[in-house]
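Fold and contact review
If you want the building blocks of each chain, they are given just below.
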Amino acid sequence: MLKISNLSSGYNGTEVLRGISLDIDEPAIYVVLGPNGAGKTTMFRTVAGVLDPMSGTVELGGKNLYSANEVRRDIGYLTHLSALPEEMTVAKALGFYAGIEDGDAQKAMESLGLNDLAARKVSSLSQGQRKRAAIAKLFLRDRKMYLMDEPTSNLDPVVAKEVRDILLRLSKEKYVMYSSHNLYEAQEIGDYIVLLKDGRLGFFGKKDQLRTGEYRVGIKASGDLSKLFPEATHEKEYLVMRVKGPREVGELVKKMVNAGVVVYEVKELGNPLEDLFDRGS
Ligand code: ADP
(Lines give C-alpha, C1' and ligand atoms only; values in the text may rest on other atoms or scores of the structure.)
Protein backbone atom coordinates (compact mmCIF):
# COMPACT_ATOMS: atom_id res chain seq x y z
CA MET A 1 0.00 0.00 0.00
CA LEU A 2 2.68 2.50 1.02
CA LYS A 3 6.21 2.15 -0.21
CA ILE A 4 8.79 4.68 0.89
CA SER A 5 12.13 4.28 -0.83
CA ASN A 6 15.30 5.98 0.28
CA LEU A 7 13.43 9.13 1.15
CA SER A 8 15.32 12.25 2.16
CA SER A 9 13.71 15.55 2.80
CA GLY A 10 14.20 18.79 4.69
CA TYR A 11 14.20 22.55 4.46
CA ASN A 12 16.32 25.09 2.57
CA GLY A 13 18.70 22.45 1.31
CA THR A 14 19.32 20.93 4.74
CA GLU A 15 18.35 17.28 5.13
CA VAL A 16 16.20 16.44 8.13
CA LEU A 17 14.88 13.06 7.04
CA ARG A 18 17.71 10.90 5.83
CA GLY A 19 17.32 7.84 3.64
CA ILE A 20 14.11 6.35 5.02
CA SER A 21 12.81 3.14 3.42
CA LEU A 22 9.60 1.57 4.60
CA ASP A 23 7.09 -0.91 3.19
CA ILE A 24 3.60 -0.98 4.63
CA ASP A 25 1.34 -3.74 3.42
CA GLU A 26 -0.90 -4.65 6.31
CA PRO A 27 -3.76 -2.48 7.58
CA ALA A 28 -2.69 -1.48 11.09
CA ILE A 29 -1.62 1.42 13.24
CA TYR A 30 2.02 2.30 12.67
CA VAL A 31 3.29 4.54 15.42
CA VAL A 32 6.05 6.84 14.26
CA LEU A 33 7.92 7.24 17.49
CA GLY A 34 10.74 9.61 18.25
CA PRO A 35 11.79 12.45 20.52
CA ASN A 36 10.98 16.04 19.54
CA GLY A 37 13.01 17.11 16.54
CA ALA A 38 13.49 13.53 15.28
CA GLY A 39 11.76 14.37 12.00
CA LYS A 40 8.25 12.96 12.51
CA THR A 41 6.42 16.02 11.19
CA THR A 42 8.86 16.32 8.30
CA MET A 43 8.18 12.70 7.41
CA PHE A 44 4.41 13.20 7.52
CA ARG A 45 4.61 16.37 5.42
CA THR A 46 6.65 14.54 2.83
CA VAL A 47 4.43 11.46 2.79
CA ALA A 48 1.34 13.69 2.57
CA GLY A 49 2.87 15.39 -0.45
CA VAL A 50 2.94 18.81 1.23
CA LEU A 51 6.73 18.95 1.26
CA ASP A 52 8.73 17.82 -1.78
CA PRO A 53 11.42 15.23 -1.07
CA MET A 54 15.06 16.00 -1.77
CA SER A 55 15.51 12.45 -3.06
CA GLY A 56 13.72 9.12 -2.99
CA THR A 57 10.12 8.20 -3.74
CA VAL A 58 6.80 7.51 -2.07
CA GLU A 59 4.28 5.21 -3.71
CA LEU A 60 0.70 4.74 -2.58
CA GLY A 61 -1.14 1.79 -4.07
CA GLY A 62 1.60 1.45 -6.68
CA LYS A 63 1.40 5.08 -7.85
CA ASN A 64 4.10 7.67 -7.37
CA LEU A 65 2.81 10.31 -4.99
CA TYR A 66 4.78 13.12 -6.55
CA SER A 67 3.79 12.56 -10.15
CA ALA A 68 0.11 11.77 -9.69
CA ASN A 69 -1.87 14.51 -7.99
CA GLU A 70 -4.97 12.41 -7.41
CA VAL A 71 -2.97 10.08 -5.18
CA ARG A 72 -2.73 12.82 -2.55
CA ARG A 73 -6.52 12.85 -2.24
CA ASP A 74 -6.32 9.34 -0.84
CA ILE A 75 -4.32 10.55 2.13
CA GLY A 76 -5.98 12.06 5.18
CA TYR A 77 -3.51 14.25 7.03
CA LEU A 78 -4.11 15.61 10.53
CA THR A 79 -1.53 18.24 11.49
CA HIS A 80 -0.94 20.07 14.76
CA LEU A 81 -2.78 22.97 13.20
CA SER A 82 -5.73 21.08 11.71
CA ALA A 83 -8.90 22.82 12.81
CA LEU A 84 -12.28 23.78 11.46
CA PRO A 85 -13.05 27.48 10.90
CA GLU A 86 -13.77 29.09 14.28
CA GLU A 87 -16.86 31.07 13.35
CA MET A 88 -18.71 28.19 11.69
CA THR A 89 -20.84 25.58 13.42
CA VAL A 90 -19.50 22.02 13.40
CA ALA A 91 -22.24 20.89 11.00
CA LYS A 92 -21.74 23.85 8.62
CA ALA A 93 -17.97 23.41 8.52
CA LEU A 94 -18.07 19.67 7.94
CA GLY A 95 -20.89 20.13 5.43
CA PHE A 96 -18.73 22.64 3.57
CA TYR A 97 -15.74 20.28 3.31
CA ALA A 98 -18.01 17.34 2.49
CA GLY A 99 -19.28 19.38 -0.47
CA ILE A 100 -15.76 19.94 -1.75
CA GLU A 101 -14.64 16.38 -1.20
CA ASP A 102 -17.84 14.59 -2.06
CA GLY A 103 -17.94 13.24 1.49
CA ASP A 104 -20.61 12.45 4.06
CA ALA A 105 -20.71 14.97 6.94
CA GLN A 106 -23.51 13.16 8.78
CA LYS A 107 -21.62 9.91 8.87
CA ALA A 108 -18.39 11.58 9.94
CA MET A 109 -20.17 13.41 12.79
CA GLU A 110 -21.72 10.17 13.94
CA SER A 111 -18.40 8.31 13.91
CA LEU A 112 -16.73 11.00 16.00
CA GLY A 113 -19.65 11.42 18.41
CA LEU A 114 -20.26 14.98 17.28
CA ASN A 115 -24.03 14.92 16.83
CA ASP A 116 -24.67 16.80 20.06
CA LEU A 117 -22.19 19.45 19.04
CA ALA A 118 -23.42 19.89 15.47
CA ALA A 119 -25.04 23.28 16.11
CA ARG A 120 -22.20 24.63 18.23
CA LYS A 121 -19.70 27.14 16.90
CA VAL A 122 -16.20 25.72 16.66
CA SER A 123 -14.95 28.66 18.75
CA SER A 124 -17.04 27.43 21.71
CA LEU A 125 -15.63 23.89 21.76
CA SER A 126 -13.16 22.46 24.27
CA GLN A 127 -9.72 21.29 23.11
CA GLY A 128 -10.84 17.68 22.96
CA GLN A 129 -14.04 18.51 21.09
CA ARG A 130 -12.06 20.59 18.58
CA LYS A 131 -9.70 17.71 18.02
CA ARG A 132 -12.59 15.35 17.39
CA ALA A 133 -14.08 17.85 14.94
CA ALA A 134 -10.73 18.16 13.14
CA ILE A 135 -10.43 14.38 12.95
CA ALA A 136 -13.98 14.16 11.54
CA LYS A 137 -12.74 16.08 8.49
CA LEU A 138 -10.39 13.19 7.67
CA PHE A 139 -13.24 10.71 7.89
CA LEU A 140 -15.62 12.54 5.56
CA ARG A 141 -14.82 9.85 3.06
CA ASP A 142 -12.76 6.69 2.86
CA ARG A 143 -9.09 7.18 2.20
CA LYS A 144 -6.25 4.77 1.61
CA MET A 145 -3.99 6.19 4.27
CA TYR A 146 -4.39 8.29 7.39
CA LEU A 147 -1.53 10.34 8.79
CA MET A 148 -2.10 11.58 12.33
CA ASP A 149 0.59 13.88 13.58
CA GLU A 150 0.55 13.79 17.39
CA PRO A 151 -3.25 13.84 17.62
CA THR A 152 -3.18 13.79 21.41
CA SER A 153 -0.58 16.46 22.09
CA ASN A 154 -1.86 19.24 24.35
CA LEU A 155 -4.85 17.18 25.42
CA ASP A 156 -5.35 16.22 29.03
CA PRO A 157 -4.80 12.49 29.69
CA VAL A 158 -8.49 11.62 29.90
CA VAL A 159 -9.35 13.36 26.63
CA ALA A 160 -6.20 11.96 25.02
CA LYS A 161 -7.38 8.47 25.91
CA GLU A 162 -10.79 9.24 24.47
CA VAL A 163 -9.23 10.40 21.18
CA ARG A 164 -7.01 7.29 21.07
CA ASP A 165 -10.02 5.03 21.63
CA ILE A 166 -11.90 6.75 18.80
CA LEU A 167 -8.91 6.37 16.49
CA LEU A 168 -8.48 2.73 17.46
CA ARG A 169 -12.10 2.09 16.62
CA LEU A 170 -12.01 4.01 13.32
CA SER A 171 -8.68 2.52 12.32
CA LYS A 172 -9.73 -1.09 12.14
CA GLU A 173 -8.77 -2.43 8.72
CA LYS A 174 -7.15 0.88 7.78
CA TYR A 175 -3.62 2.04 7.19
CA VAL A 176 -2.76 4.60 9.83
CA MET A 177 0.47 6.33 10.69
CA TYR A 178 0.30 7.97 14.08
CA SER A 179 3.16 9.99 15.45
CA SER A 180 4.03 10.29 19.09
CA HIS A 181 6.95 11.13 21.33
CA ASN A 182 5.35 9.13 24.11
CA LEU A 183 6.50 5.53 24.54
CA TYR A 184 3.54 4.44 26.59
CA GLU A 185 1.09 5.89 24.11
CA ALA A 186 2.93 4.11 21.32
CA GLN A 187 2.62 0.81 23.14
CA GLU A 188 -1.04 1.36 23.85
CA ILE A 189 -2.13 2.22 20.33
CA GLY A 190 0.46 0.82 17.96
CA ASP A 191 0.64 -2.51 16.18
CA TYR A 192 3.91 -1.55 14.57
CA ILE A 193 6.58 0.89 15.65
CA VAL A 194 8.57 3.06 13.28
CA LEU A 195 11.35 4.55 15.36
CA LEU A 196 12.88 7.77 14.09
CA LYS A 197 16.08 9.13 15.48
CA ASP A 198 17.87 12.14 14.04
CA GLY A 199 15.93 11.72 10.82
CA ARG A 200 16.97 8.11 10.37
CA LEU A 201 15.00 4.90 10.76
CA GLY A 202 16.10 3.28 14.01
CA PHE A 203 13.67 0.38 14.01
CA PHE A 204 10.63 -0.82 12.10
CA GLY A 205 8.66 -3.84 13.20
CA LYS A 206 5.93 -5.22 15.43
CA LYS A 207 5.95 -3.63 18.83
CA ASP A 208 6.55 -6.92 20.65
CA GLN A 209 9.70 -7.44 18.60
CA LEU A 210 10.97 -4.29 20.18
CA ARG A 211 10.96 -5.96 23.58
CA THR A 212 14.13 -7.82 22.88
CA GLY A 213 16.18 -5.55 25.07
CA GLU A 214 16.67 -6.26 28.74
CA TYR A 215 13.45 -6.51 30.62
CA ARG A 216 13.63 -6.00 34.37
CA VAL A 217 11.05 -7.29 36.79
CA GLY A 218 10.71 -6.30 40.44
CA ILE A 219 9.38 -8.92 42.84
CA LYS A 220 8.03 -8.63 46.37
CA ALA A 221 7.38 -11.92 48.06
CA SER A 222 7.51 -13.74 51.36
CA GLY A 223 10.53 -15.70 52.49
CA ASP A 224 14.10 -15.89 51.29
CA LEU A 225 14.33 -15.96 47.52
CA SER A 226 18.10 -15.99 47.28
CA LYS A 227 18.20 -19.80 47.00
CA LEU A 228 15.50 -19.82 44.36
CA PHE A 229 17.02 -16.98 42.33
CA PRO A 230 20.71 -16.74 43.18
CA GLU A 231 21.27 -14.43 40.19
CA ALA A 232 18.78 -11.82 41.43
CA THR A 233 19.87 -8.38 42.61
CA HIS A 234 18.21 -5.96 45.03
CA GLU A 235 16.83 -2.53 44.30
CA LYS A 236 15.03 -0.67 47.07
CA GLU A 237 12.37 -3.04 48.36
CA TYR A 238 12.38 -5.19 45.22
CA LEU A 239 14.19 -8.28 44.21
CA VAL A 240 15.18 -7.70 40.59
CA MET A 241 15.29 -10.35 37.89
CA ARG A 242 16.37 -9.89 34.30
CA VAL A 243 14.28 -11.77 31.76
CA LYS A 244 13.96 -11.86 27.99
CA GLY A 245 10.32 -10.84 27.84
CA PRO A 246 6.94 -10.84 29.57
CA ARG A 247 6.42 -14.52 28.88
CA GLU A 248 9.26 -15.48 31.19
CA VAL A 249 7.57 -13.61 34.03
CA GLY A 250 4.89 -16.29 34.25
CA GLU A 251 7.58 -18.92 34.68
CA LEU A 252 9.16 -16.94 37.49
CA VAL A 253 5.86 -16.71 39.31
CA LYS A 254 5.18 -20.42 38.83
CA LYS A 255 8.57 -21.27 40.23
CA MET A 256 7.89 -19.18 43.34
CA VAL A 257 4.41 -20.58 43.87
CA ASN A 258 5.70 -24.14 43.49
CA ALA A 259 8.32 -23.39 46.13
CA GLY A 260 5.56 -22.29 48.51
CA VAL A 261 6.45 -18.61 48.31
CA VAL A 262 3.65 -16.05 48.68
CA VAL A 263 3.97 -13.49 45.89
CA TYR A 264 2.93 -9.97 46.90
CA GLU A 265 3.86 -8.04 43.81
CA VAL A 266 5.50 -8.47 40.42
CA LYS A 267 6.07 -5.40 38.33
CA GLU A 268 7.89 -4.16 35.28
CA LEU A 269 10.75 -1.89 36.31
CA GLY A 270 11.25 0.73 33.67
CA ASN A 271 10.44 0.11 30.08
CA PRO A 272 12.85 -1.44 27.61
CA LEU A 273 11.58 0.96 24.95
CA GLU A 274 13.14 3.82 26.86
CA ASP A 275 16.61 2.62 25.98
CA LEU A 276 15.80 3.01 22.32
CA PHE A 277 15.80 6.77 22.44
CA ASP A 278 19.32 6.69 23.83
CA ARG A 279 20.67 3.79 21.88
CA GLY A 280 22.56 4.53 18.68
CA SER A 281 20.84 3.55 15.44
P1 ADP B 1 9.37 16.16 15.15
O2 ADP B 1 8.03 16.22 14.47
O3 ADP B 1 9.89 14.75 15.31
O4 ADP B 1 9.40 16.91 16.44
P5 ADP B 1 10.25 17.88 12.98
O6 ADP B 1 10.09 17.12 11.72
O7 ADP B 1 9.23 18.91 13.32
O8 ADP B 1 10.46 16.85 14.20
O9 ADP B 1 11.66 18.62 12.99
C10 ADP B 1 12.86 17.98 12.61
C11 ADP B 1 13.93 19.03 12.37
O12 ADP B 1 13.56 19.85 11.27
C13 ADP B 1 14.15 19.96 13.54
O14 ADP B 1 15.52 20.13 13.69
C15 ADP B 1 13.47 21.23 13.12
O16 ADP B 1 14.12 22.34 13.66
C17 ADP B 1 13.61 21.20 11.61
N18 ADP B 1 12.48 21.92 10.95
C19 ADP B 1 11.18 21.60 11.08
N20 ADP B 1 10.40 22.41 10.34
C21 ADP B 1 11.25 23.29 9.72
C22 ADP B 1 11.06 24.38 8.81
N23 ADP B 1 9.84 24.73 8.38
N24 ADP B 1 12.17 25.03 8.37
C25 ADP B 1 13.39 24.66 8.79
N26 ADP B 1 13.64 23.63 9.65
C27 ADP B 1 12.58 22.96 10.12
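Scroll up for the structure.
Overview of the structure. Source: prediction; values computed, not measured. (Residues numbered from 1 in each chain as written. Predicted model: local features only at pLDDT ≥ 70, side-chain atom pairs only at ≥ 80, totals over all residues. Heavy atoms only, no water.)

Remarks on the sheet that holds strand 13 (residues 238-243)
Applied cut-off: Only strands joined by at least two bridges in the DSSP assignment are considered to pair. Strands are runs of DSSP state E lasting at least 2 residues, helices are runs of H or I lasting at least 4, and numbering of each runs from the N terminus. For every element, the axis is a line fit to its C-alpha atoms; helices are fit only across the contacting stretch, and the angle between N-to-C directions ranges from 0 to 180 degrees.
The 4 strands are arranged 12-13-11-14 in an open sheet whose pairing can be described as antiparallel. Because the sheet does not close on itself, it has two edges, and the strands there are strand 12 (233-235) and strand 14 (263-269). Along the sheet, successive strands turn relative to each other by an average axial angle of 35°, direction set aside. As paired elements, strand 11 (residues 215-221) and strand 13 share 5 bridges and run antiparallel to each other.

Details of the side chain of Ser-179
Here is the rule: Classification of residues uses two cut-offs on accessible area relative to the type maximum, computed with a 1.4 Å probe and protein chains only: under 20% is buried, over 50% is exposed, and between them is partly exposed. Any pair of nitrogen or oxygen atoms within 3.5 Å is treated as a polar contact; in protein, a donor-acceptor pairing is required on top of that, and neighbouring residues in sequence qualify only through side-chain atoms on both sides. Whether two residues touch is decided by their heavy atoms; if any such pair falls within 4.5 Å, the residues are in contact.
With respect to the helices, strands and loops of the structure, Ser-179 is situated in strand 8 (residues 175-180). For Ser-179, a relative accessible area of 0% corresponds to the buried category. Looking at Ser-179, its side chain comes within polar contact range of the side chain of Asp-149, at 2.6 Å. Each residue touching Ser-179, except ones within four places of it in the same chain, is listed here: Val-32, Lys-40, Phe-44, Met-148, Asp-149, Glu-150 and Pro-151.

Structural notes on helix 3 (residues 90-101)
For clarity, the cut-off: One less than the number of residues in a helix, times 1.5 Å, gives the span that helix is expected to have. Taken from the helix axis, the directions to the C-beta atoms give the arc we talk about.
Given a rise of 1.5 Å per residue, 12 residues ought to cover 16 Å, and the 16 Å separating the end C-alpha atoms of helix 3 matches this to within 8%. For helix 3, the full list of buried residues reads Val-90, Ala-93, Leu-94, Tyr-97, Ala-98 and Glu-101. When helix 3 is viewed along its axis, its buried side chains cluster within an angular range of 135° and face the same direction. Turned more than 90 degrees away from the buried face of helix 3, the exposed residues are Lys-92, Gly-99 and Ile-100. Those residues of helix 3 that are buried are in contact with helix 4 (105-111) and helix 5 (127-138). Among the residues trailing helix 3, Asp-102 stands out with phi positive, at a value near 60°.

Remarks on the pattern of salt bridges
Put simply, the rule is: Here a salt bridge means any side-chain nitrogen of Lys or Arg lying within 4 Å of a carboxyl oxygen belonging to Asp or Glu.
Per the counting criterion, the structure on display carries 16 salt bridges. Residues Lys-174 and Asp-142 are paired through a salt bridge, measuring 3.1 Å at the closest nitrogen-oxygen approach. Of this pair, Lys-174 sits in the loop between helix 6 (157-170) and strand 8 while Asp-142 sits in the loop between helix 5 and strand 7 (145-149); the two residues are 32 residues apart in sequence, bridging distant segments of the chain. We note a salt bridge from Lys-220 to Glu-237, for which the minimum N-O separation is 3.8 Å. Here Lys-220, found in strand 11, pairs with Glu-237, found in the loop between strand 12 and strand 13; they are 17 residues apart in sequence, far enough to count as distant. The structure contains a network of salt bridges with shared partners spanning Lys-161, Arg-164, Asp-165, Glu-185 and Glu-188.

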